[in-house]
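Residue-level listing of the chains:
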Amino acid sequence: MNSSVTVAAAPVASAKPAAPRLPGTFWPRFIVGVVLVLGWEFIVRWLAPPYVAKPSTVLMAIPRVIVDPAFLAATGSTLAAVAEGLAIALVFGTVFGLFLGRSRLFERSVGHYVNGFFAMPMVVVLPLFSLWFGYSPATRIATIIFAAIFSIVMNVADGARSVPREYLEVSRAYRAGKMSVLFGVVLPSSMPYLLAGFRLAAGRALIGAVIAEFFLSIGGLGYYILYNSRSYKHAEAFVGVLLLAAFGVCFELLVFWATKRFMPWYRRER
Amino acid sequence: MLNTTIRRHAPFWLSIAAGIAIWEIAGRSTSQAFMVPFSTTIVQLWELVQSGVFIRQFLDSAELFMTGFVLALAVGMPLGMLLARVRVLRIGVEPYIMILYATPMVALIPFILSMMGFGFAPKVLVVFLFAVFPVIYNTVEGARSIKPELIEVAQSFRSTEWALWRDVMVPYTLPYAMTGVRQAIGRALVGMIAAEFFLSSTGLGQLIMTASQNFDTAGVFASVLVIALIGVALMRAGLAIERHFARWRQ
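Parameters and conventions
- Residues numbered from 1 in each chain as written.
- Chains lettered and ligands numbered in written order.
- Predicted model: local features only at pLDDT ≥ 70, side-chain atom pairs only at ≥ 80, totals over all residues.
- Helix = DSSP H or I, 4+ residues; strand = E, 2+ residues; numbered from the N terminus.
- Buried ≥ 20, exposed ≤ 12 C-beta atoms within 10 Å, placed from the backbone.
- Contact = placed C-beta atoms within 7 Å.
- Rg over C-alpha atoms; globule rule 2.2 N^0.38 Å.
- pLDDT = per-residue confidence, 0-100.
- Domains from an automatic or database assignment.
- Nonpolar A, V, L, I, M, F, W, Y, C, P; charged D, E, K, R; others polar.
- Axes fitted to C-alpha atoms, helices over the stretch in contact; angles between N-to-C directions.
- Parallel < 35°, antiparallel > 145°, perpendicular 65-115°, else oblique.
- Left-handed = near helix turned anticlockwise from the far one by under 90°.
- Expected span 1.5 Å × (residues − 1).
- Bend = angle between axes of the 7 residues up to and from the residue.
- Core = buried A, V, L, I, M, F, W, Y, C linked by C-beta atoms within 7 Å.

## Thoughts on the overall build of chain A
Check the secondary structure of chain A and you find 12 helices and 0 strands. In sequence order, chain A lays out its α and β elements as α-α-α-α-α-α-α-α-α-α-α-α. Relative to its full complement of 270 residues, chain A shows a buried share of 37%. Taking all contacts inside chain A whose residues are at least 6 apart in sequence as the whole, residues at least 24 apart take part in 76%.

If you want it as structure tokens, here you go:
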């Protein structure tokens, strides 16, 4: 009985001082981590051919890989593309989303296109984009933007729709211009939605960059992984996967931190 | 009555018509290698349907999608509830699930390719990996929101663990898990196409790949259009499922 109470009470407890909970969370995590790593190591050793990545070989590969200029160039290229694509998607997606959320006519006429593009698996645009922009980094940027922009648009539009009515009434009472209401009132008030959209978009942008590199065979982290795993250097390739996972987690943490730091009033629904 | 219906739906149909018109004009005014007009796309699509190629590829893709997706549900939901029930396990496993959730799963495709080859199983694995984590994550969240009183009452009536799961855990968690199901549908679709692109080429992915390798722009447009429509239909279905179950949420 006691255990069931603590299960449900856990989220409340975590808000209180963390010190007594530390041993409670550290050991289970540590043990599960050790079990996962050892299990992976031994299963691969017993069952898989020697080239398959296992923790020991990946660990040995890390110092070799992170000083490899090819790896550094690949990482830089992918990261720069993701950053550029995300920045473009963020600016245009936010503006578009604000209009979409505040204008009924715009929403009724364009909304379902946004929904449709959002629902479209982004992989399918690759053959089309490679046709338009060639087998070049431009196609990668286009894929990243396509992957990222619609989740920002949809979230910002959601946020713009749910601006409290009083804010708008007050700004109308002070005869604020349409644009200054949109960017001065609606935008700040939909900030939490924007961040949620950005979090989604960042994950999708990473995926977009990797699949674009797979498809186009242009230099980058995705291609580094593809190339090395094709030449049976799985351990080296897996370092790339670890780095991608680290980026994914970093984005999550960054957005989580930013929400807490800059929007302490905002609580997520769950 | 009729008037209000027209007024409500007119912008939608007008904008669809405008979209098609823009597509048609753009297609006619550029080179056929870059873009084909809507009419050519539809003709091409009709030919694909009539020759039976389309149906065969569609069924191929559907089989892959359903296998991976059902597998993800069958593993993700029980695992999610188990994690919510056993606190130590949840604390231990949660960070790793979060990490895997945030990892771009596409990056694993080259490994899967070189270890498992070109069969059906590696593609199912890709769809499964894309879909399973949202299911686990949302099931855990749902099962954790069970009111402790419900479990306490069940236990004071000396419910067995099995009865507790059957009568409390599963009915309570299911509506929340449906959020994960909706997300998983979208991700499984991406996984399906990615698997068909980068592993052995089959299904709708093959349809696009072949068209693009033959510089058959009309074929590319036709298959992209179909996949976009499938995406929209699946997303609608996911939302409908989620809403249907949401009525049970408390």
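Next comes the rest of the write-up.
## Quick look at the overall build of chain B
Secondary structure summary: chain B contains 10 helices and 0 strands in total. In sequence order, the secondary structure elements of chain B are arranged as α-α-α-α-α-α-α-α-α-α. Taken against the 2.2 N^0.38 rule, which gives 18 Å for 250 residues, the C-alpha radius of gyration of chain B at 23 Å runs more than 25% over that of a compact globule. Scored against the burial criterion, the 250 residues of chain B give a buried share of 42%. Expressed as a percentage of contacts within chain B between residues at least 6 apart in sequence, the contacts between residues at least 24 apart total 75%.

## Remarks on the confidence of the model for chain B
Residue and element names in this part refer to chain B. This prediction gives chain B a mean pLDDT of 88; 98% of its residues lie at or above 70. The least confident element of chain B, judged by mean pLDDT, is helix H1 (residues 2-29) at 83; the most confident is helix H3 (residues 53-85) at 92. Interface confidence for the predicted complex, given as ipTM, is 0.85, next to a pTM of 0.85.

## Description of the domain arrangement of chain B
Residue and element names in this part refer to chain B. Assigned domains of chain B: these are domain 1 (1-30) and domain 2 (34-246). Once you take the C-alpha centre of each, domain 1 and domain 2 turn out to be 32 Å apart. Taken together, the contacts link 7 residues of domain 1 with 7 residues of domain 2. Of the residues belonging to the side of domain 1 that touches domain 2, the class tally is 3 nonpolar, 2 polar and 2 charged.

## Some details on the interface of chain A and chain B
With 56 residues of chain A at the contact, the number on the chain B side is 52 residues. Looking at the side of chain A that touches chain B, the elements that each hand over two or more residues are helix H1 (2-15), helix H2 (22-47), helix H5 (104-119), helix H6 (125-133), helix H10 (191-216), helix H11 (221-230) and helix H12 (234-262) of chain A. Top contributing element to the side of chain A that touches chain B by residue count: H5 of chain A, with 9 residues. The residue makeup of the side of chain A that touches chain B, split by class, is 38 nonpolar, 13 polar and 5 charged.

## Let's talk about the packing of helix H6 (residues 121-144) of chain B against helix H8 (residues 161-198) of chain B
Residue and element names in this part refer to chain B. Between H6 and H8, whose axes approach to 7 Å, the crossing angle comes to 155°. The angle between H6 and H8 places the two elements in the roughly antiparallel class. The handedness of the crossing between H6 and H8 comes out as right-handed.

## Some points on helix H10 (residues 217-246) of chain B
Along its 30 residues, H10 of chain B runs 43 Å from first to last C-alpha, staying within 8% of the 44 Å computed at 1.5 Å per residue. Within H10 of chain B, burial applies to Thr217, Ala218, Gly219, Val220, Phe221, Ala222, Ser223, Val224, Val226, Ile227, Ile230 and Gly231 of chain B. Taken together, the buried residues of H10 of chain B touch H5 and H6 of chain A together with helix H2 (38-50), H8 and helix H9 (203-213) of chain B.

## Here we look at H8 of chain B
In this model, H8 of chain B (38 residues) spans only 44 Å end to end at C-alpha, well below the 56 Å of a helix rising 1.5 Å per residue. Leu174 of chain B marks the point of greatest bend in H8 of chain B, at about 45°, and the proline Pro175 of chain B comes within the next four residues.

## Here we look at the packing of helix H4 (residues 69-102) of chain A against helix H7 (residues 137-161) of chain A
When two helices pack together, their arrangement is given by the angle between the helix axes and by the axis-to-axis distance. Residue and element names in this part refer to chain A. Between H4 and H7, the least distance of the axes is 6 Å, while the angle of their chain directions is 35°. At the point where H4 passes H7, the crossing takes the right-handed sense. Residue composition of the contact of H4 with H7, by class: 21 nonpolar, 6 polar and 5 charged.

## Examining unusual backbone geometry
Positive phi, normally seen in glycine, also occurs at Arg175 of chain A, with a value near 55°. Since 6 C-beta atoms lie within 10 Å of it, Arg175 of chain A is described here as exposed. The phi torsion at Arg158 of chain B lies on the positive side, around 55°, for a residue other than glycine. Residue position: Arg158 of chain B is located in the loop between helix H7 (148-156) and H8.

## Remarks on the environment of Ile207 of chain A
Note on placement: Ile207 of chain A falls in helix H10. Its 28 C-beta neighbours within 10 Å are what place Ile207 of chain A among the buried residues. On a C-alpha basis, the gap between Ile207 of chain A and Tyr223 of chain A in space is 13 Å, while along the polypeptide they are 16 residues apart. Contacts of Ile207 of chain A, omitting those with residues within four sequence positions, involve Ala147 of chain A together with Pro104 and Val106 of chain B.

## As for the environment of Tyr174 of chain A
Here Tyr174 of chain A shows up in the loop between helix H8 (165-173) and helix H9 (178-189). Sequence separation of Tyr174 of chain A and Ile66 of chain A is 108 residues, and the distance between their C-alpha atoms is 58 Å.

## Digging into the confidence of the model for chain A
Model confidence for chain A is summarised by a mean pLDDT of 84, while 90% of its residues fall at 70 or above. Taken as a whole, residues 1-19 of chain A scores under 50 in pLDDT and shows 21 contacts with residues more than four places along the chain or in a different chain.

## Comments concerning the environment of Pro264 of chain A
Within the secondary structure layout, Pro264 of chain A lies in the segment after H12. When the C-alpha atoms of Pro264 of chain A and Glu84 of chain A are compared, they prove to be 29 Å apart, with 180 residues separating the residues in sequence.

## Here's the deal with the nonpolar core
Core analysis: the biggest nonpolar cluster contains 134 residues, and Val127, Ala188 and Ala194 of chain B have the highest contact counts within it. When residues no more than four places from it in sequence are discounted, the contact partners of Ala188 of chain B are Phe65, Gly68, Phe69, Ala72, Val127, Phe130 and Ala131 of chain B.

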